[in-house]
Amino acid sequence: MKNLISMRDLSANKIRQLLDLAESLEKDPSQIDLSRRVMAAVFYEASTRTRMSFESAMKRLGGEVIAMVGTSGTSVEKGETLADTAKVMARYSDIIVMRHPMEGAARYVSEQVDVPVVNAGDGANQHPTQSLLDLYTIKKAQGTLEGLKLALVGDLKYGRTVHSLAYALAPFNPEFYFISPRSLCMPIHILSDLTRMGVKFTEKKKIEKIVDHVDIMYVTRIQRERFPDREEYEKVKNAYIITADLLKNARDNLKVLHPLPRVNEITTDVDSTKYAYYFDQAENGVYMRQAILATLLGEVKS
Amino acid sequence: MNDVKVMKVDAIRNGTVIDHIPAGRVQRVLAILKPRKTDVVMMGMNFSSKAMQKKDIIKIEGRELNQHEVNSIALIAPDAKVSIIRDFNVTQKFKVEVPEVIEGLVKCPNPKCITNAEPMETRFRLVDAAGPDLACQYCERVYSADEMDHI
């Protein structure tokens, strides 16, 4: 594996290897030493969580980090092409972790440079490290990825995270409940892909009826910036609010996930229940990114 | 039968005939094939056709196009049939085929695709020959060829 650009490039076997390595690194990070290695975080748009999680992953394995965050005041503002910026960053570092608002930007950069490239989000297209940490989290929470019942809740139309999670889980015989307002439902081309792959799913508008049916509840934020029409946003923004009371009949093993940041989709009284798992999910991001960095930097036999 | 129709325009001694081009697309086909300045080219437009009702035809004197060259027109003339002529006789016939990889021929319709922002070539992979549907190598979206503008 030279780069990590898209979940589509990963075989089920490769995914399993990364999940196993993340688990092993969580137990014993000292097995990998990335000292004197430099990671360039090249972020064309702001991101707190993804970038800091990568930095934490790199530093906890002994590596160093250099960063460009946002384009203001950089060579990009002077009109430098993406290829040129990337080629220079490649001379400064051993691996590039990149976020860019245009779709396909990371793939393009990976063709331009010799160092490994990790896609940390390219517009609405892919965010494979998020998908992988979600898989790791679900496996850790339930002990398996096989045959789980999952509710994906919120903005299923624009939510890149839920799209790629649906694809990532498809080989593991899942049963999905897609819970969203009609205006934000799962795109038809994804539903037909899932049907073709033999994945069972049900679309619902109300969450109450399925709370006691599922092992995983994956909640996403309804993003204001997705709505050109303010009125439309006001109508749906409070459609699904997960409270401790809503979860009173939930299965014992239910875990609630959220890529964070949350606004009001999950009330804080859920935090102290056994169902809350979103902060563990954030922590898991560090282990998964360690596994990715170690693999791409050639520190793991593959 | 085809031979009779072909004879409507002057027959060529040696060269290539491209038949069954959808009516109105002959100029776009030529723009892709880029004949050399010295090539003798005949264009036929709006010929009647049993299969297509109306069709366009191109004849290029003195130049034999190969399958690879002709495949580049597959997106706008998917049913085109190619005949190679030697000494007034058809010596070889083939159909255009959409190539597995299409480079630098069509634009990605996704305005958020990196190919529309950087000085770079587009690259598509054929995902369904029936459409034909093409997947952008970069933004990964799938589009039907008739939604796409040619470069």
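Preceding this section is the structure that the text describes.
Residues numbered from 1 in each chain as written. Chains lettered and ligands numbered in written order. Predicted model: local features only at pLDDT ≥ 70, side-chain atom pairs only at ≥ 80, totals over all residues. Heavy atoms only, no water.

1. Re the pattern of salt bridges
- Summed over all chains, the structure comprises 25 salt bridges over all chains.
- Put simply, B:Glu140 and A:Arg8 hold a salt bridge, and the shortest N to O gap is 2.6 Å. Taken as a pair, B:Glu140 in the loop between strand 8 (133–136) and strand 9 (142–144) and A:Arg8 in the segment before helix 1 (12–27) lie in two separate chains rather than in one.
- Given a relative accessible area of 9%, B:Glu140 falls into the buried group.
- Relative accessible area serves as the criterion here: at 56%, A:Arg8 is assigned to the exposed category.
- Of the charged contacts, one joins A:Lys274 and A:Asp252 as a salt bridge, the two residues approaching to 3.0 Å between their closest N and O atoms. One end of the pair, A:Lys274, is in the loop between strand 9 (255–257) and helix 9 (278–296); the other, A:Asp252, is in the loop between helix 8 (230–236) and strand 9, and 22 residues separate them in sequence.
- Given the relative accessible area of 47%, A:Lys274 is considered partly exposed. (Salt bridge = Lys/Arg side-chain N within 4 Å of Asp/Glu carboxyl O. Helix = DSSP H or I, 4+ residues; strand = E, 2+ residues; numbered from the N terminus. Buried < 20%, exposed > 50% of the residue type's maximum accessible area, 1.4 Å probe, protein only.)

2. What to know about the interface of chain A and chain B
- If you look at the interface, chain A gives 17 residues, while chain B gives 14 residues.
- Of the roughly 1,200 Å² buried between chain A and chain B on both sides combined, carbon and sulfur atoms contribute 47%.
- If you sort the residues of chain A by the area they bury against chain B, A:Met102, A:Glu103 and A:Tyr108 come out on top, with a joint share of 48%.
- Viewed at the interface, chain B and chain A are joined by 3 salt bridges.
- The partner of B:Arg141 in a salt bridge is A:Glu103, and the shortest N-O contact between them spans 3.0 Å.
- For the pair chain A and chain B, the interface holds 12 residue pairs in polar contact (both at pLDDT 80 or more).
- Put simply, the parts of the chain that give the side of chain A that touches chain B at least two residues each are helix 3 (82–92) and helix 4 (105–112) of chain A. (Contact = heavy atoms within 4.5 Å. Buried area = accessible area lost by both parts, 1.4 Å probe. Polar contact = N/O pair within 3.5 Å; in protein donor to acceptor, adjacent residues only side chain to side chain.)

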